[in-house]
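Now for the letters of each chain:
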Amino acid sequence: VDLRQAIDVGELELHLQPQFTLAHGQPVGMEALLRWTHRTRGPVSPARFIPIAESSGMIAEIGNWVLREAARIWSRWRSEGLVPLPIAVNLSAVQFQAPDFLHEVGRVLSEFDLPAGALEMELTEGTLMANTDAAVETLHQLVGKGIQIAIDDFGTGYSSLSYLRRFPVSKLKIDRSFVLDLGKHGNEGAEAIASAVIAMAKSLKLRVIAEGVETAEQRDFLKDHGCDEVQGYLYARPMSVEAATALLAATQPQGDMA
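Please read these numbers as outputs of a predicted model, since none were measured by experiment.

Student: It is not clear to me how the overall build of the protein should be interpreted in this structure. Could you clarify?
Tutor: For the protein, the count of helices and strands is 12 helices and 9 strands. Relative to the globule expectation of 18 Å for 258 residues, the C-alpha radius of gyration of the protein, 18 Å, shows essentially globular dimensions. Viewed in the frame of its principal axes, the protein has a C-alpha envelope of about 50 × 45 × 40 Å. Within the protein, the fraction of its 258 residues that count as buried is 49%. Contacts in the protein between residues far apart in sequence, at least 24 positions, make up 67% of those at least 6 positions apart. Counting only carbon and sulfur atoms, one obtains 53% of the accessible surface of the protein, whose full area is about 12,000 Å². Counting 23 positive and 33 negative side-chain charges, the protein places the centres of these two groups 2 Å from one another.

Student: Before we go on, may I ask you to explain helix 2 (residues 46–56) in this structure?
Tutor: Helical geometry note: an α-helix holds 3.6 residues per turn, so side chains three or four residues apart project in the same direction. Residue Ser45 occupies the N-cap position of helix 2, its side-chain oxygen lying 3.1 Å from the main-chain nitrogen of Ala47. Directly beyond the C-terminal end of helix 2, a positive phi value near 85° is found at Gly57.

Student: What is the right way to read the nonpolar core from this model?
Tutor: Inside soluble globular proteins, nonpolar side chains tend to come together where they are buried. Of all hydrophobic cores here, the largest spans 78 residues; its most connected members are Met121, Leu142 and Leu222. Ranked by residues supplied to this core, first place goes to helix 3 (residues 59–79) with 9 residues. The contacts of Leu222, once residues within four sequence positions are left out, are Leu22, Ile174, Leu182, Ile198, Ala210, Val213, Cys227 and Val230.

Student: Just checking my understanding: could you explain the packing of helix 3 against helix 5 (residues 101–112) for this structure?
Tutor: Pairs of packed helices are described in terms of their axes, by the angle between the two and the distance that separates them. One can describe the packing of helix 3 onto helix 5 by two numbers: an axis separation of 10 Å at closest approach and a directional angle of 20°. Overall, the two elements helix 3 and helix 5 adopt an arrangement that is roughly parallel. Helix 5 is crossed by helix 3, and the crossing has right-handed handedness. Where helix 3 approaches helix 5, its residues Asn64, Leu67, Arg68, Ala71, Arg72, Ser75 and Arg78 are matched on the opposing element by Glu104, Val105, Arg107, Val108, Glu111 and Phe112. Considering only residue class, the contact of helix 3 with helix 5 consists of 5 nonpolar, 2 polar and 6 charged.

Student: Can you walk me through helix 5 in this structure?
Tutor: With 12 residues, helix 5 extends 17 Å between its outermost C-alpha atoms, agreeing within 8% with the 16 Å of an ideal straight helix rising 1.5 Å per residue. Within helix 5, burial applies to Phe101, Leu102, Glu104, Val105, Val108, Leu109 and Phe112. Seen along its axis, helix 5 keeps its buried residues to an arc of 160°; they face one direction. For helix 5, exposure combined with an orientation more than 90 degrees from the buried face picks out His103 and Ser110. At the exit of helix 5 stands Asp113, carrying a positive phi of roughly 50°.

Student: How do you make sense of unusual backbone geometry when you look at a structure like this?
Tutor: Across residues other than glycine, the phi torsion is negative in most instances, and most of the peptide bonds are trans. Its identity is not glycine, yet Asp113 carries a phi of approximately 50°, on the positive side. Mapped onto the secondary structure, Asp113 falls in the loop between helix 5 and strand 5 (119–124). Given the relative accessible area of 56%, Asp113 is considered exposed. If you check the backbone angles, Lys205 has positive phi at about 65° while not being a glycine. Examined against the element boundaries, Lys205 turns out to sit in the loop between helix 10 (188–203) and strand 8 (207–211).

Student: Mind showing me how you'd approach the pairing of strand 8 here?
Tutor: Regular strands place their side chains on alternate faces of the sheet. Most of strand 8 is tucked away, with 4 of its 5 residues classed as buried. As paired elements, strand 7 (residues 171–174) and strand 8 share 4 bridges and run parallel to each other. Considered in strand 8, the bridge of Lys171 is made with Arg207. By the bridge criterion, 3 bridges tie strand 8 to strand 9 (residues 229–231) in an arrangement that is parallel. Note that in strand 9 the partner of Ala210 across the bridge is Val230. In the classification by handedness, the crossover that spans strand 8, the intervening helix 11 (residues 216–224) and the parallel strand 9 is right-handed.

Thresholds, definitions, all that
For every chain, the first residue of the written sequence is number 1, and numbering continues from 1 onward in sequence order. Only residues with pLDDT of at least 70 get local features here, since the model is predicted, and only at 80 or more are side-chain atom pairs given and counted; chain-wide, interface and lining totals rely on the full set of residues. Hydrogen atoms and water are omitted, and side-chain values are computed over all heavy atoms in the structure. The helix and strand labels rest on DSSP assignments: H or I over at least four residues marks a helix, E over at least two residues marks a strand, and numbering proceeds from the N terminus. In this description the radius of gyration comes from C-alpha coordinates, and the expected globular size is given by 2.2 Å times residues to the power 0.38. Only protein chains enter the accessibility calculation, which uses a 1.4 Å probe; a residue is then buried when its area is under 20% of its type maximum, exposed when over 50%, and partly exposed in between. Should any heavy atoms of two residues lie within 4.5 Å, those residues are considered in contact. Shrake-Rupley sampling with a 1.4 Å probe provides the accessible areas, and residues are treated as covered by the protein chains on show and by no other component. All tallies of charge rest on Lys and Arg as positive and Asp and Glu as negative; His and the ends of each chain are not included. A charge is said to be at NZ when it belongs to Lys, at CZ for Arg, at CG for Asp and at CD for Glu. We define a polar contact as two N or O atoms separated by no more than 3.5 Å, with the added condition that, inside protein, one atom must be a possible hydrogen donor and the other a possible acceptor, whereas residues neighbouring each other in sequence contribute only through side-chain atom pairs. Put simply, a nonpolar core is a bunch of buried Ala, Val, Leu, Ile, Met, Phe, Trp, Tyr and Cys residues held in one set by side-chain atoms that sit within 4.5 Å of each other. Whenever a helix is involved, its axis is fitted only over the stretch in contact; in every case the axis is a line through C-alpha atoms, and angles between N-to-C directions fall within 0 to 180 degrees. Geometric relationships in this document are graded by angle, where less than 35 degrees denotes roughly parallel, more than 145 denotes roughly antiparallel, 65 to 115 denotes roughly perpendicular, and other angles denote oblique. Handedness of a crossing follows from how the near helix is turned relative to the far one, being left-handed for an anticlockwise turn of less than a right angle and right-handed for a clockwise one. Charged residues are taken to be Asp, Glu, Lys and Arg, nonpolar residues to be Ala, Val, Leu, Ile, Met, Phe, Trp, Tyr, Cys and Pro, and polar residues to be all remaining types, Gly included. Take the residue count of a helix, subtract one, and multiply by 1.5 Å to get its expected span. Directions from the helix axis toward the C-beta atoms define the arc. At least two bridges found by DSSP between two strands are what make those strands a pair. Here, the term right-handed applies to a crossover whose path from the first strand over the helix to the second runs clockwise when the strands point away from the viewer.

Set out below in structure tokens:
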């Protein structure tokens, strides 16, 4: 009940975590992260309320709210004369497989007049592999609407290379569980997986981003092995929309205001 009311009374909000190029340290995107501040209990961990949303069937409704809010933020940046960065939103399996999902995406894109590349959608391997033929069709329709596709938590699931080639994705995201042990002695397994994902992404002409980058050792390993982008506490923590807007304004290319 509280979670349902959270949508109506405005207790949900998005925080944004910037994503940076590894080569130059410039912000190139933002990941939208859902936050809930309960009116009496204060902040509620996503690890607690996301499973509740999934089990109660509310996850699709909340996911649509996140999609709409991300579009609103991007549109606001444009209206303020900034050059907006793409905003990545995470899709649940329930939302992705909902019959009205593509219609909802089209409605949001139309309402906010978003151009191609404004939004990126992150899906896990498990979501894509649940019904591969249907997933391929849906992904192609999303790409046709100008949405970029990333596979989240890559390396933790069970997708085969033959299926990966069928998905019109543009980015693979190395799971933080592998990034955590990079640069540490005795953790060759994590390093082998990370370097293999990067090499595979390159061979498939995909960009690769590592999440959860917290140390210089992790950064250096990823840079040495050709990773394209990073996000994590070493670069920036999740921040409010206002803080993300200030960061965007401070890093705008001179003479290139929209």
